[in-house]
Amino acid sequence: MNTAKQKESLVKYWKSENTVKDEKVIDAFMKVPRENFVLPENLHEAYGDYPLDIGFNVTISQPTTVVIMLESLDVKKGNKILEIGTGSGYTASLLSVLAGNKGKVYSTEIVKELADFAKRNLKKLKIRNVKVFHHDGSKGLERYMPYDRIILHAAAEDIPEEIIKQLKNNGIFIGPIGNQCNQNLIKITKKKNKVIKENLGDFIFVLLQRK
């Protein structure tokens, strides 16, 4: 099956299961070549609906997990977004499409080799509204705060208050909270400086690395 058919097959599955309803997310998924963000030996599995190893004990998340997170994040054109855990740059590229030319994506990656890998991948696609930083994102990225949206790709033991402080009012945070065995994907919306928490279900991510 060629990549276009594999993509279409995943989208049909999501629609049949009512997994994702936001056409903007589906459009971004169709536009971005996931095969550009996996290791060469995994090219034939680029659209398998499961995580793939990208080295350094890190994976590129399964497509279904990514679209669930992005739909809940509800990115608007022109948003300023913080991503913690760039990995190979795949989700950053999807965020780039969702935020549009006037939006900005600031992405942190604690592993230098992965940050460099992501930069190369994004450059190949001529993506200009994403900046990748080799940086410990466990406390966010104060330099460009506040953010409209924050997405965390690794599990923190507790809700990361320092990161939530970097959200704008009416901003949204998505990220996994828990330990190695038991994690919930949490959505936090900041309203009048109060936080509204929503549990989106059980997921398993790598643990958040700190320097």
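See the structure shown above.
For clarity, every value in this text was computed on a predicted model and none was experimentally measured.

Rules used throughout
- Numbering of residues starts from 1 in each chain and follows the order in which that chain's sequence is written.
- Residues qualify for local features only when their pLDDT is at least 70, as the model is predicted, and side-chain atom pairs are given and counted only at 80 or more; totals for whole chains, interfaces and linings, by contrast, use all residues.
- With hydrogens and water set aside, each side-chain value is computed from the structure's full complement of heavy atoms.
- Criterion for a salt bridge: a side-chain nitrogen of Lys or Arg within 4 Å of a carboxyl oxygen of Asp or Glu.
- Exposed residues in this analysis have more than 50% of their type's maximum accessible area, buried residues have under 20%, and partly exposed residues fall in between, with area computed by a 1.4 Å probe over protein chains only.
- Secondary structure elements follow DSSP: runs of H or I of four or more residues count as helices, runs of E of two or more count as strands, with numbering from the N terminus.
- For the purpose of charge, His is not counted, nor are the chain termini; Lys and Arg are scored as positive and Asp and Glu as negative.
- Contacts are residue-level and defined by heavy atoms, with any inter-residue pair within 4.5 Å sufficient.
- For each structure, a 1 Å grid was placed over the protein atoms alone; sets of points admitting a 1.4 Å probe that cannot get out are labelled cavities, open sets with protein on both sides within 12 Å along at least five of seven lines are labelled pockets, and lining residues have an atom within 4 Å of a point.
- Grid points are joined across faces, edges and corners, and a volume is the space filled by probe spheres set on the points.
- Three classes are used: nonpolar for Ala, Val, Leu, Ile, Met, Phe, Trp, Tyr, Cys and Pro, charged for Asp, Glu, Lys and Arg, and polar for all others, with Gly counted as polar.

Caption draft 1: Looking closely at the pattern of salt bridges. The tally for this structure, following the rule as stated, stands at six salt bridges. For Lys24, the salt bridge identified is with Asp22, shortest N-O distance 3.3 Å. On the basis of relative accessibility, which here comes to 16%, the residue Asp22 falls in the buried class. For Asp27, the salt bridge goes to Lys31, with nearest N and O atoms at 3.2 Å. Taken together, the residues Asp27 and Lys31, both in helix α2 (residues 23-31) and four residues apart, mark about one turn of the helix.

Caption draft 2: Broad picture of the side chain of Arg149. One can find Arg149 in strand β6 (residues 147-152). One buried charged residue, Arg149, forms no salt bridge at all, with the nearest opposite charge on Asp74 at 4.2 Å. If we skip the residues at most four places from it in the chain, Arg149 touches Leu73, Asp74, Val75, Lys76, Asn79, Lys80, Ile81, Leu82, Leu167, Asn170, Gly171 and Ile172.

Caption draft 3: Representation of the layout of surface pockets in the model. For the largest pocket, the calculated volume is near 530 Å³. What lines the largest pocket is a set of 36 residues, among which Val58, Thr59, His153, Ala154 and Val206 lie closest to the centre. Those elements that place two or more of their residues in the lining of the largest pocket are β2 (58-60), α3 (63-73), β3 (80-84), α4 (90-99) and β4 (104-109). The element that contributes the greatest number of residues to the lining of the largest pocket is β2, accounting for three residues. Grouping the constituent residues of the lining of the largest pocket by class yields 17 nonpolar, 16 polar and three charged.

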